[in-house]
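# Structure at a glance
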Amino acid sequence: MAAPEAPHSPRVDLGSLEFWGRPAEERDASFAELRRDSPLSRHEPPEDILGLADQELHRYWAIVRHEDIRRISRDPQTFCSGEGTQFGDAPPEILEASQSFLAMDAPRHTKLRGLVSAAFTPRQVARIEEGIRLNAKRIVEEAAPTGGGDFVEMVARRLPLVTISDMIGVPEPDRERIVAAADMLVSVADPEVFGERQPLELLGEALWTLTQFATELAAHREQRPGEDLMTALVQAEVDGERLTHAEIAAFFVLLSVAGNDTTRHTTSHAMRALTVNPHQRAILIDDLEARLPAAVEEFVRWASPVLTFRRTVTREVELHGEQLVPGERVVLFYHSGNRDERAFEEPWRFDVTREPNRHLGFGGGGPHYCLGASLARTQLRSIFYELLRVIPDIEAEPPEMLRSAFIHGVKRMQVSFTARG
Ligand code: HEM
């Protein structure tokens, strides 16, 4: 007779890239089982694609229920970010150069986040909303005569690119290569992306591109201040000291990655969801402006473009009958939290009028809650307002998905519609 499975080591291997190459519905069958039977489970270290032979790899606890993700996110004293926030391990110098305040704790986190947070408040975002709307309008007007194509290239990646580049102050000719490098940082686990190359090498190159660029831009803004975030960063003081160029570069990398991929992939997932749920599209179009804010929350819940972040236990704590000890890792599976039957009625129903909708797409609350939530919401409202007004018959084919345990990404997605204009 086979030995019974230990309750805290289920068969599903959440750390294998093969698992993250499967469709979300299929993956969620495993998460649903965990949510039901093993809300806290211990796992072997995630698959090491970077070849970190000489680095210690870590086991982790999987956090899959909505309530637990919220609790952990809101208790930074017990579950810190300063020991790293990525699911998988990476060389310390790569993390150092790319994570900035995402992987810090108070008080430094509070101070660094504070430097840019003024630019992301709902009030400040409302000020730039008109510009975002005009950009959304232009993007859709340019797409309208084509009758179709790859939605990611044509629509989804364009609005976040121009929005965040404008805010940081990235000059027009540099934008494409900066976004391509930022993309590389989160897509390097996909075989199509790394091809014959070593993922670690590609990661290093992309990071070098971003860091070099940020350092040059910072030096430029020191000489010629502008009205952008880079100027705010080079002028800022924390504890009486200016930020170093390395700190500014890490800040830049964080904003470039966080500001681009997430909103882009939400746009693509939502487009597909509106295609396979024509009734929901009809409800939305019926009262577009009024229904968009609630619909956008459902878009983010549905897409859950950020799949995982991690915390490290700082003091003994009990969770689901297990004693967690300092140094242990907990991984928050946001997509699973956003499909938790305990938190959402029929979680696999896409419902643009869902109310309440306390999704975890932007995180579970607490000090690291997404800084760009207002900005993302505004962009999503603007782009779908234009899409559904100008080309309401747009239909998306099944997307080609990125293989990643971090970003729920859409690489390509064909759309078609009646050409206009
Ligand atoms: C739909 C779009 C977006 C989603 C789903 C999303 C999701 C997230 C999530 C899950 C976190 C981590 C929360 C936590 O650890 O508790 C986060 C943090 C962050 N996001 Fe977003 N994000 C989006 C758009 C943006 C945009 C447009 C920006 C603009 C730059 C942005 C900037 C950031 C930053 C800087 C952090 C780190 C905050 C900190 O550590 O204090 N995000 N985001």
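Going by the structure above, here's the rest.
Read on for a plain summary of the structure. Note that this is a predicted model, so its numbers are computed, not measured.

When its secondary structure is counted, the protein chain shows 17 helices and 14 strands. Along the three orthogonal principal directions, the C-alpha set of the protein chain runs to about 70 × 55 × 45 Å. Across the 421 residues of the protein chain, 45% fall into the buried class.

Taking 1.5 Å per residue, 32 residues should reach 46 Å; helix 13 (residues 245-276) reaches 47 Å between its end C-alpha atoms and fits that length. The buried fraction of helix 13 is high, at 26 of 32 residues.

So, about the packing of helix 6 (residues 122-143) against helix 8 (residues 158-168). Orientation of helix 6 relative to helix 8, taken along the N-to-C sense of each, is 145°, at an axis distance of 10 Å. Crossing geometry of helix 6 relative to helix 8 is assigned as right-handed. The segment helix 6 lies against helix 8, with I132, N135, A136 and I139 engaging R158, L159, V162 and T163. Across the contact of helix 6 with helix 8, the residue classes tally to 5 nonpolar, 2 polar and 1 charged.

For the rest of this paragraph, the subject is helix 17 (residues 373-390). Its 18 residues place the ends of helix 17 26 Å apart at the C-alpha level, agreeing with the 26 Å of an ideal helix rising 1.5 Å per residue. Buried residues of helix 17: L375, A376, R377, T378, Q379, L380, R381, S382, I383, F384, E386 and L387, and no others. Residues of helix 17 that are buried make contact with helix 6, helix 7 (151-156), helix 8, helix 13 and helix 15 (288-303).

Bringing the sheet that holds strand 2 (residues 60-63) into the picture now. Pairing is mixed across the open sheet formed by 5 strands, whose spatial order is 1-2-10-7-3. Strands at the two margins of the open sheet, each flanked by one partner only, are strand 1 (40-43) and strand 3 (79-80). Where strand 3 lies against strand 7 (residues 308-313), 2 bridges are found, and the strand directions are antiparallel. Within strand 7, the residue paired with F79 across the bridge is V313. Taken strand by strand, helix 3 (residues 66-73) contacts strand 2, strand 3, strand 7 and strand 10 (329-333), and its axis lies near 125° from that of strand 10.

Counting 112 residues, the largest nonpolar core has I63 and L210 as the members making the most contacts within it. Top contributing element to this core by residue count: helix 13, with 13 residues. Leave out the neighbours within four places in its chain, and L210 touches I178, A181, A182, F252, V253 and S256.

Moving on to unusual backbone geometry. Of note, the amide linkage connecting A106 to P107 takes the cis form, showing an omega dihedral of 5°. Looking at where P107 falls in the secondary structure, it is placed in the loop between helix 4 (92-98) and helix 5 (108-117). The linkage connecting E355 with the following residue, P356, adopts the cis geometry, with an omega of -5°. With respect to the secondary-structure elements, P356 resides in the loop between helix 16 (334-337) and helix 17. Even without a glycine there, the phi angle at S100 is positive, about 50°. C-beta crowding within 10 Å serves as the criterion here: with 22 such atoms nearby, S100 is assigned to the buried category. We note that D239 has phi near 55°; this positive angle belongs to a residue other than glycine. The topology assignment puts D239 in the loop between strand 5 (237-238) and strand 6 (241-242).

Inspection of the region around the ligand gives 29 residues, with G259, T262, G363, C370 and G372 positioned closest. In terms of residue count, the dominant contributor to the shell around the ligand is helix 13 (7 residues). Grouping the amino acids of the shell around the ligand by side-chain chemistry returns 17 nonpolar, 11 polar and 1 charged.

As a further point, take the sheet that holds strand 11 (residues 395-396). Spatially, 3 strands are ordered 4-14-11 in an open sheet, and the strand pairing comes out antiparallel. At either end of the open sheet lies a strand with only one pairing partner, and these are strand 4 (148-150) and strand 11.

Of all 6 residues in strand 7, 6 are buried; the element is thus mostly enclosed. Residues T308, R310 and T312 line one face of strand 7 and the alternating positions F309, R311 and V313 line the opposite face, and both faces are buried. Direction of pairing for strand 7 relative to strand 10: antiparallel, over a ladder of 5 bridges. When the sheet's bridge partners are listed, R311 is paired in strand 10 with V330.

About the criteria used
- Residues numbered from 1 in each chain as written.
- Predicted model: local features only at pLDDT ≥ 70, side-chain atom pairs only at ≥ 80, totals over all residues.
- Helix = DSSP H or I, 4+ residues; strand = E, 2+ residues; numbered from the N terminus.
- Buried ≥ 20, exposed ≤ 12 C-beta atoms within 10 Å, placed from the backbone.
- Expected span 1.5 Å × (residues − 1).
- Axes fitted to C-alpha atoms, helices over the stretch in contact; angles between N-to-C directions.
- Left-handed = near helix turned anticlockwise from the far one by under 90°.
- Contact = placed C-beta atoms within 7 Å.
- Nonpolar A, V, L, I, M, F, W, Y, C, P; charged D, E, K, R; others polar.
- Pairing = 2+ DSSP bridges.
- Core = buried A, V, L, I, M, F, W, Y, C linked by C-beta atoms within 7 Å.
- Near = placed C-beta within 6 Å.

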